[in-house]
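Residue-level structure breakdown
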Amino acid sequence: MCSFVNRLKPVLAYSLCFQKGYSRKVPAHIKHIGPGLRTSKQPLDSVIIRPYCSRMEFGKGLFFRQLFESESSTYTYLLADKESREAVLIDPVLETVERDLKLVEELGFNLKVAVNTHCHADHITGTGLLKNRLFGMKSAISRHSGASADILLSEGDKIHFGKHHLSVRETPGHTDGCVTLVTEDHSMAFTGDALLIRGCGRTDFQQGCSRKLYESVHQKIFTLPPQCLVFPAHDYKGQTASTVGEEKRFNPRLTKSMEEFVDIMVNLNLPKPAKIDIAVPANLVCGLHEV
Ligand SMILES: [Fe+2]
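In the nomenclature of an unreviewed UniProt entry, the protein chain corresponds to Persulfide dioxygenase ETHE1, mitochondrial from the organism Esox lucius. Its UniProt record, at the heading Sequence similarities (unreviewed entry), says of the protein chain: "Belongs to the metallo-beta-lactamase superfamily. Glyoxalase II family." In UniProt, the protein chain has this text filed under Cofactor (unreviewed entry): "Fe(2+)".

Scanning the protein chain from N- to C-terminus turns up 7 helices and 15 strands. Going through the 291 residues of the protein chain one by one, you find that 44% of them count as buried. Here the analysis covers contacts within the protein chain between residues at least 6 apart in sequence; of these, 59% occur between residues at least 24 apart.

By size, the foremost hydrophobic cluster in this structure holds 63 residues, and its most contacted members are Ala87, Val88, Val115 and Ala189. For this core, the leading source of residues is strand S5 (residues 74-81), giving 5 residues. Once residues within four sequence positions are removed from consideration, Ala189 is found in contact with Thr180, Val182, Ile221, Leu224, Cys228, Val230 and Phe231.

It is worth spelling out the pairing of strand S14 (residues 229-232) at this point. Regular strands have side chains that alternate between both faces of the sheet. Here S14 shows two buried faces, one formed by Leu229 and Phe231 and the other by Val230 and Pro232. Once the chain exits strand S13 (residues 188-192) it traverses helix H4 (residues 210-221) before rejoining the sheet at S14, and the crossover so formed is right-handed. Summarising the sheet, S14 and strand S15 (residues 242-243) pair through 2 bridges and their orientation is antiparallel. Looking at S15, one finds that Val230 is bridged to Ser242.

A few words now on the sheet that holds strand S10 (residues 158-161). The strand order S10-S11-S12-S13-S14-S15 describes an open sheet built from 6 strands, whose pairing is mixed. Sheet topology places S10 and S15 at the edges, where each strand pairs with a single neighbour.

Among the 8 residues in S5, 8 count as buried, and that is most of the element. Here strand S4 (residues 62-69) pairs with S5 via 8 bridges, running antiparallel. Of the residues in S5, the one forming a bridge with Phe63 is Ala80. Between the end of S4 and the start of S5, which pair antiparallel, lie 4 residues, with Ser73 showing a positive phi angle near 50 degrees.

Negative phi is the rule for most residues except glycine; trans is the rule for most peptide bonds. Non-glycine residue Gln206 carries a positive phi angle of around 50 degrees. Overall, the presence of 22 C-beta atoms within 10 Å leaves Gln206 in the buried class. Residues other than glycine seldom take positive phi values, yet Asn269 does so here, at roughly 50 degrees. In this structure, Asn269 sits in the loop between helix H6 (258-266) and helix H7 (276-283).

In this model, H4 (12 residues) spans 16 Å end to end at C-alpha, consistent with the 16 Å of a helix rising 1.5 Å per residue. Buried residues belonging to H4 abut strand S11 (164-170), strand S12 (179-183), S13, helix H5 (244-250) and H6.

As a further point, take the packing of H4 against H6. Contact geometry of H4 with H6 gives a least axis separation of 9 Å together with a crossing angle of 130 degrees. The angle between H4 and H6 falls in the class oblique. In the packing of H4 onto H6, the handedness of the crossing is right-handed. Facing H4, whose interface residues are Ser210, Arg211 and Tyr214, H6 presents Met258, Phe261, Val262 and Met265. Here the contact of H4 with H6 is built from residues that sort into 5 nonpolar, 1 polar and 1 charged.

Bringing the environment of Ser148 into the picture now. By the secondary structure assignment, Ser148 is in the loop between strand S8 (138-142) and strand S9 (151-153). Taking the C-alpha atoms as reference points, Ser148 and Leu284, 136 residues apart in sequence, are found 6.1 Å from one another. What Ser148 contacts, discounting residues up to four positions off in sequence, is Leu284, Val285 and Cys286.

Rules and cut-offs
Residues numbered from 1 in each chain as written. Predicted model: local features only at pLDDT ≥ 70, side-chain atom pairs only at ≥ 80, totals over all residues. UniProt positions renumbered as here; feature names shortened; annotations may be inferred. Helix = DSSP H or I, 4+ residues; strand = E, 2+ residues; numbered from the N terminus. Buried ≥ 20, exposed ≤ 12 C-beta atoms within 10 Å, placed from the backbone. Contact = placed C-beta atoms within 7 Å. Core = buried A, V, L, I, M, F, W, Y, C linked by C-beta atoms within 7 Å. Right-handed = clockwise from strand over helix to strand, strands pointing away. Pairing = 2+ DSSP bridges. Expected span 1.5 Å × (residues − 1). Axes fitted to C-alpha atoms, helices over the stretch in contact; angles between N-to-C directions. Parallel < 35°, antiparallel > 145°, perpendicular 65-115°, else oblique. Left-handed = near helix turned anticlockwise from the far one by under 90°. Nonpolar A, V, L, I, M, F, W, Y, C, P; charged D, E, K, R; others polar.

Listed below in structure tokens is the structure:
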């Protein structure tokens, strides 16, 4: 009975977090290991509580929302400064632009930048349509992507929104123009297709290079704090987020040696993405040929 009650403690705490607004209401035995991620004192053998999936409001005035597009299993992320209302959208998808615009409008945000983590092959970006609809909004993508945009990003660049910013880490390998975007406190990393949850982006087209990808992930993402939340561009199994520490321990590809990793990637034998011939040319011009 006692062990049953102990097992229930984190669940009860989770419920308490939601009922009372979790920021300062978490019982003392719950250890804070990162924004939105709380666990009891034994991080890996206990129930991990993840309230960020539906509602995430940090003490630092940062608004965060994870959005999903089901056809390409793409995650779009909306971040905003609650004070100034300036916002950034990461990896918008053409088919869900209206949904995203409605949310931005309802919440009273001023969308400053729509940024793509890379030139996607599986869907058309919503950036072009957003530019048409929102006067003054800028598009951004890596300068190594070969795509046109208002802002061409390089290593160390910062995308500012209100008092917050995202830092650019170049993480090529899936494509030459892949970037990972990291919050200023290193609590969240938006890894695009460089690092997926227990996986990674393929390296067999669009300048893909397994060795480059391996180095990018190990040098630019695995060097972040272990509690840093990993938010990828896609997930095909219903997973919403991971952490750097988890991926360093459990990623079935990137925990291997470089030679083993290259061997795995060479033998994936994946089919060609259905939309690649439409998506890549469109994404090279912000998602719409006419823009
Ligand atoms: Fe991709």
